[in-house]
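Examination of the molecular architecture
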Amino acid sequence: MEQKKIILTGDRPTGKLHIGHYVGSLRRRVELQNSGLYDKIFIFEADGQALTDNIDDPEKVRQNVIEVALDYLACGIDPAKSTIFIQSQIPELCELTFYFMDLVTVSRLQRNPTVKTEIQMRNFETSIPVGFFTYPISQAADITAFKATTVPVGEDQEPMLEQAREIVRRFNYIYGDTLVEPEILLPDNAACLRLPGTDGKAKMSKSLGNCIYLSDSADEVEKKIRSMYTDPDHLKVSDPGKVEGNTVFTYLDAFSRPEHFCRYLPDYANLDELKAHYRRGGLGDVKVKKFLSAVMQEELEPIRTRRKEFEQDIPAVYDMLKKGCEVAREAAAETLSEVRRAMKINYFDDEELIAGQAERFRTK
Ligand code: TRP
């Protein structure tokens, strides 16, 4: 039997989604969804994972569950084609995590580079919550409970996928072929791997105030682009400018397509020509920013409009999530029953076991 192609990916609902999420993963998910190449698509909100470092602020997670759902729908994730669900509503994921915990060592978790940096970022060095420390294991459960073959995520998730693959290999080695080894699917455009903040800092983050949100108004987007970090040595228009590390150009790498030039900046055939002019000197930041703004507004406007429409019927959004949870739970339950059988903890649905034991004790 040919293996089914199954996508699974998700986000922590700790804030509204921004354009880093969009170019890094969301845009791709919609393309994959509409490609018709996948048998099943699961997109979920990792609220349980969000709580591992927000345990004292459950209201934040609760509020953002609906925001992220709206962002998904606004981007074009279609509940008729993709199952959207919420992690905490699928108890099978906890059960699978519990079994996986025996397949991973503490030192292996300590070596996970993502966990390492996150521990530093959160000043958890001296008091790491166990749940936070072990979230790569629960993430492996998220992925494998749905037998996902393909996980489209940003490159920061690479260590998580490696961990999941190791767990699958170990599980299948001990208990026989049961789980599926997932493949990571990274953005194919380097600028999309990690879009910097509008201030040029490596990461977009709410606390740094350097994000453009999918739900930002046209005015807000305009303002954020106008104050965007460029080349600090490019003072006069005539000065030669640097394109590398220049946020406006990084964003153009992520958003612009050749057809944008005929529409908004017909003096240039493509981005390479624009970059060459900037490097030579004689091209001002304002002109480039205006172009970026036109390009980004074109992409963000339909998202904004769709979001507004979905905001008009919030109960329907919760209903969609609830139905998604039911579908997801059924899929996870099926895997879990295979897992229990493989791990020999399926005592009551195994008639052979009962008959065999009866026989053993009879002949004693
Ligand atoms: N850790 C991911 C993030 O921070 C969210 C996530 C949780 C996830 N479980 C997942 C992503 C499973 C892909 C697959 O964005």
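As the structure is a prediction and not an experimental result, all values here were calculated from the model. Residue numbers here run from 1 along each chain, matching the order of that chain's written sequence. The predicted nature of this model means local features are confined to residues of pLDDT at least 70 and side-chain atom pairs, given and counted, to a pLDDT of 80 or more, with totals for whole chains, interfaces and linings taken over all residues. Hydrogens and water molecules were not included; the side-chain quantities draw on all heavy atoms of the structure.

So, the nonpolar core
Taken as a class, soluble globular proteins show a tendency for nonpolar side chains to be buried jointly. So the rule is basically this: Nonpolar cores were defined as sets of buried Ala, Val, Leu, Ile, Met, Phe, Trp, Tyr and Cys residues, with membership established by side-chain atoms within 4.5 Å. Relative accessible area decides the class of each residue, using a 1.4 Å probe on protein chains only: under 20% of the type maximum gives buried, over 50% gives exposed, and in between gives partly exposed. Domain delimitation follows an automatic or database domain assignment. We call two residues contacting when some pair of their heavy atoms lies within 4.5 Å.
Counting residues in hydrophobic clusters, the biggest one holds 104 residues, and the most contacted among them are I19, F100, F146 and L274. Both of domain 1 (6–194 + 314–356) and domain 2 (218–310) provide at least three residues apiece to this core. With near-sequence residues (within four places) excluded, I19 lies in contact with L195, M204, I212, L214, Y251, F255, M296 and L300.

Describing helix α15 (residues 285–311)
Using the following cut-off: In this description a helix means any DSSP run of H or I spanning at least four residues, a strand means any run of E spanning at least two, and both kinds are numbered starting from the N terminus. To estimate how far a helix should reach, multiply one less than its number of residues by 1.5 Å. To get the bend at a given residue, fit one axis to the seven residues ending there, fit another to the seven starting there, and take the angle between those axes.
For α15, spanning 27 residues, the distance from its first C-alpha to its last is 36 Å, which sits close to the expected 39 Å at 1.5 Å a residue. Along α15, the helix axis deviates most sharply at L300, where the bend reaches about 35°; the proline P302 sits within four residues downstream.

A few points about the site of the ligand
Where we set the bar: Throughout, the term near means that a residue has one or more heavy atoms lying within 4 Å of the molecule or strand in question. What qualifies as a polar contact is a pair of N or O atoms within 3.5 Å, subject to a donor-acceptor requirement within protein and to the restriction that residues adjacent in sequence count only when both atoms come from side chains. Reported accessibility uses the Shrake-Rupley method at a 1.4 Å probe radius. Residues are deemed covered only where the shown protein chains occlude them. As defined here, a cavity is a set of points on a 1 Å grid over the protein atoms alone where a 1.4 Å probe fits but cannot get out. A pocket is an open set with protein on both sides within 12 Å along at least five of seven lines, and residues line them when an atom is within 4 Å of a point. To decide whether a molecule occupies a pocket or cavity, check its atoms: if more than half lie within 2 Å of the grid points, it is inside.
Near the ligand there are 13 residues, and of these F44, Q49, Q139, D142 and Q157 occur at the shortest range. Taking Q157, its side chain carries an N or O atom lying 3.1 Å from a nitrogen atom of the ligand. Contact with the protein chains removes 90% of the 360 Å² of surface that the ligand exposes when unbound. Among the detected pockets, the ligand sits in the largest pocket. Sorting the residues of the shell around the ligand by element identifies β1 (6–11) and α8 (135–144) as the ones contributing at least two each.

Considerations on the environment of I84
Note that I84 resides in strand β3 (residues 83–86). A C-alpha to C-alpha distance of 51 Å links I84 and S238, two positions 154 residues apart in sequence. Setting aside anything within four residues of it in sequence, one finds I84 in contact with I43, Y72, L73, I77, M320, L321, G324 and C325.

Digging into the domain arrangement of the protein chain
Where interface size is given, it is often the accessible area lost as the parts come together that is meant. To be explicit about the condition: By definition here, a salt bridge exists when the distance from a side-chain nitrogen of Lys or Arg to a carboxyl oxygen of Asp or Glu is within 4 Å.
Under the domain assignment, the protein chain is made up of domain 1 (6–194 + 314–356) and domain 2 (218–310). Put simply, the middle of domain 1 and the middle of domain 2, counted by C-alpha atoms, are 35 Å apart. Listed per partner, the contact involves 17 residues of domain 1 and twelve residues of domain 2. For the pair domain 1 and domain 2, the interface holds three salt bridges. Note that R307 is salt-bridged to E67, the shortest N-O span being 2.7 Å. At the boundary of domain 1 with domain 2, the tally comes to seven residue pairs in polar contact (both at pLDDT 80 or more). Mapped onto the side of domain 1 that touches domain 2, the elements with two or more residues apiece are α1 (19–35), α3 (58–75), α10 (190–193) and α16 (314–342). Top contributing element to the side of domain 1 that touches domain 2 by residue count: α3, with six residues.

With respect to the pattern of salt bridges
For the coordinates displayed, the defined rule picks out 26 salt bridges. For the salt bridge of K323 with D319, the shortest nitrogen-to-oxygen distance reads 2.8 Å. With a gap of four residues between them, K323 and D319 both fall in helix α16, about one helical turn apart. Residue K323 is classed as partly exposed on the basis of its relative accessible area, which comes to 48%.

Examining helix α9 (residues 158–175)
A rise of 1.5 Å per residue sets the reference length of α9, with its 18 residues, at 26 Å; its end C-alpha atoms lie 26 Å apart and thus fit the reference within 8%. Turning to α9, its buried residues are P159, M160, L161, Q163, A164, R165, I167, V168, F171 and N172. Phi turns positive, to about 95°, at G176, one or two residues after α9.

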